[in-house]
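Secondary and tertiary structure notes
In case you want the letters, here they are:
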Amino acid sequence: AQSVSQHNHHVILSEAASLELGCNYSYGGTVNLFWYVQYPGQHLQLLLKYFSGDPLVKGIKGFEAEFIKSKFSFNLRKPSVQWSDTAEYFCAVNTRGNYQLIWGAGTKLIIKP
Amino acid sequence: EAGVTQSPTHLIKTRGQQATLRCSPISGHTSVYWYQQALGLGLQFLLWYDEGEERNRGNFPPRFSGRQFPNYSSELNVNALELEDSALYLCASTKIQGMNTEAFFGQGTRLTVV
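Notes on the structure follow. Within each chain, residues carry numbers counting from 1 in the order of the written sequence. Think of it this way: whatever chain is written first is A, whatever ligand is written first is 1, and the rest follow in order. Residue-level local features of this predicted model are given only where pLDDT is at least 70; pairs of side-chain atoms are given and counted only at 80 or more, and the full residue set underlies all totals for whole chains, interfaces and linings. Calculation of side-chain values draws on the structure's entire complement of heavy atoms; hydrogens and water are dropped beforehand.

Attention shifts here to the overall build of chain B. When you go through chain B residue by residue, the secondary structure sums to 0 helices and 11 strands. To qualify as a helix, a DSSP run of H or I must reach at least 4 residues; to qualify as a strand, a run of E must reach at least 2; elements of each kind are numbered from the N terminus. When the elements of chain B are put in sequence order from the N terminus, they spell out β-β-β-β-β-β-β-β-β-β-β. We take the radius of gyration over the C-alpha atoms and set the globule estimate at 2.2 Å times the residue count to the 0.38 power. Relative to the compact-globule value of 13 Å for 114 residues, chain B shows a C-alpha radius of gyration of 13 Å, a close match. Its C-alpha atoms give chain B principal-axis dimensions of roughly 40 × 30 × 25 Å.

For the rest of this paragraph, the subject is empty space enclosed by the protein. Residue and element names in this part refer to chain A. In this analysis a 1.4 Å probe is tested at points of a 1 Å grid over the protein atoms alone, and where it fits but cannot get out there is a cavity; an open set with protein on both sides within 12 Å along at least five of seven lines is a pocket; lining residues have an atom within 4 Å of a point. Grid points are joined across faces, edges and corners, and a volume is the space filled by probe spheres set on the points. With the rule as written, the count across this model stands at 1 cavity of 30 Å³ or more. By volume, the largest cavity amounts to about 30 Å³. Gln 2, Ser 3, Val 4, Tyr 25, Ser 26, Tyr 27, Val 93, Thr 95 and Ile 102 together form the lining of the largest cavity. Under the convention adopted here, Pro, Cys and the residues Ala, Val, Leu, Ile, Met, Phe, Trp and Tyr are nonpolar, Asp, Glu, Lys and Arg are charged, and Gly plus all remaining residues are polar. Along the lines of polarity and charge, the residues of the lining of the largest cavity split into 5 nonpolar, 4 polar and no charged.

By disulfide we mean two sulfur atoms from cysteines, separated by a distance within 2.5 Å. Evaluation of the coordinates by the stated rule reveals 2 disulfides over all chains. Note that A:Cys23 is cross-linked by a disulfide to A:Cys91, the S-S spacing being 1.9 Å. What sets the handedness of the A:Cys23 and A:Cys91 disulfide is the S-S torsion sign, and at about -65 degrees it is left-handed. Separated by 68 residues along the polypeptide, A:Cys23 in the loop between strand E3 (19-21) and strand E4 (24-25) and A:Cys91 in strand E10 (residues 87-95) bring together distant segments of the chain. Side by side, A:Cys23 and A:Cys91 carry an identical accessibility label, which is buried. Shown here is the disulfide that connects B:Cys23 with B:Cys91, its sulfur atoms set 1.8 Å apart. Sign of the S-S torsion, about -60 degrees for the bond between B:Cys23 and B:Cys91, identifies this disulfide as left-handed. Here B:Cys23, found in strand E3 (residues 19-24), pairs with B:Cys91, found in strand E9 (residues 87-94); they are 68 residues apart in sequence, far enough to count as distant. Neither B:Cys23 nor B:Cys91 differs from the other in exposure class; each is buried. Accessible area is worked out with a 1.4 Å probe on protein chains only. A residue is then buried under 20% of its type maximum, exposed over 50%, and partly exposed in between.

Let us look at the sheet that holds E3(B). All names here are of chain B. By the convention used here, strands pair only if DSSP detects at least 2 bridges between them. Read from one edge of the open sheet, 4 strands run E1-E3-E8-E7, paired in antiparallel fashion. Bordering the open sheet on either side are strand E1 (5-7) and strand E7 (64-68), each of which pairs with just one other strand. Adjacent strand axes in the sheet meet at a mean angle of 15 degrees when their direction is disregarded. For E7 and strand E8 (residues 74-78), the ladder comprises 5 bridges, and the chain directions are antiparallel. Bridged to Gly 66 within E8 is Leu 76. Axes here mean lines fitted to C-alpha atoms, for a helix over just the part in contact, with angles spanning 0 to 180 degrees between N-to-C directions.

Another aspect to go through is the nonpolar core. What makes a nonpolar core is a set of buried Ala, Val, Leu, Ile, Met, Phe, Trp, Tyr and Cys residues whose side-chain atoms join them at distances within 4.5 Å. Within the largest apolar cluster, 29 residues are counted, with the highest numbers of intra-cluster contacts made by A:Leu33, A:Trp35, A:Leu48, A:Phe74, A:Leu76 and A:Tyr89. Secondary structure elements with two or more residues in this core: strand E2 (10-14), E3, strand E5 (31-38), strand E6 (45-50), strand E8 (64-68), strand E9 (73-78), E10 and strand E12 (107-112) of chain A. Residue contacts are defined here by distance: any two heavy atoms, one from each residue, within 4.5 Å place the two residues in contact. If we ignore the near neighbours within four places in the chain, the residues touching A:Tyr89 are A:Gln6, A:Leu21, A:Trp35, A:Tyr36, A:Val37, A:Tyr39, A:Leu47, A:Phe63, A:Leu76, A:Gly106, A:Thr107 and A:Leu109. Among the nonpolar cores identified, the runner-up in size contains 22 residues, and B:Val4, B:Ala19, B:Val78 and B:Leu111 belong to it.

Computed from the structure, the largest pocket encloses a volume of approximately 530 Å³. Considering the residues around the largest pocket, the lining is formed by 27 residues, among which A:Gln38, A:Gly41, B:Gln37, B:Leu88 and B:Arg110 are closest to the centre. Of the residues in the lining of the largest pocket, the class split is 11 nonpolar, 13 polar and 3 charged. There is about 240 Å³ of room inside the second largest pocket. If you trace the second largest pocket, you find it lined by A:Gln2, A:Gln100, A:Leu101, A:Ile102, A:Trp103, B:Leu43, B:Gln44, B:Phe45, B:Gly58, B:Asn59 and B:Phe60. At the level of secondary structure, the elements contributing two or more residues to the lining of the second largest pocket comprise strand E11 (98-103) of chain A together with strand E5 (43-50) of chain B. The greatest single-element share of the lining of the second largest pocket, amounting to 4 residues, is contributed by E11(A).

On to the side chain of B:Thr109. Mapping B:Thr109 onto the fold places it in strand E11 (residues 109-113). What qualifies as a polar contact is a pair of N or O atoms within 3.5 Å, subject to a donor-acceptor requirement within protein and to the restriction that residues adjacent in sequence count only when both atoms come from side chains. Of note is the side chain of B:Thr109, whose polar atom sits 2.5 Å from the backbone oxygen of B:Pro8.

In structure tokens form, the structure reads like this:
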């Protein structure tokens, strides 16, 4: 069965630290990849997505993610985090022939001011 | 353009009762997904409706059910409520265009079972 793994359930960083959140999926075919963010008290919103083309995708608020097909990975990065990045981050995948999104368990990110 | 709307925003029920949650997708979106977000458990997929039909359901008991109406809005029904059903229930809608489907979420219904 297809699955998405997010390696870290909780991450605590200081402001200005660099961030990398891992996401791996298990599916050998063509995939679409997404990162969603849920700020405290707010609804889930799309951070960035990869459908095709350049595997390095830039999203909102300075986030980027790199699709590495050989590693089945789509890690989220930000060079310098801010306190306002405190949120829960979800990786999701859908596959050709199955439009349903498969979700990772989420990573809670806490940024210390 | 209006986003995904869910009602009610909060719902308090007692154990054994039934709860009905509602979702209106973005105009033009035909697919609706329901998720349960319990504390510390991430997003648990419940149900997926598209064009009025149930396409898939997650690993939840049959007392979780729903339907999608001709206008693509959707209802989630939870019968015989249990305390552990307390959670945030999220609805998302998509417009399937090949594979390029991006889900838009509502603000959720916070269900509390006492």
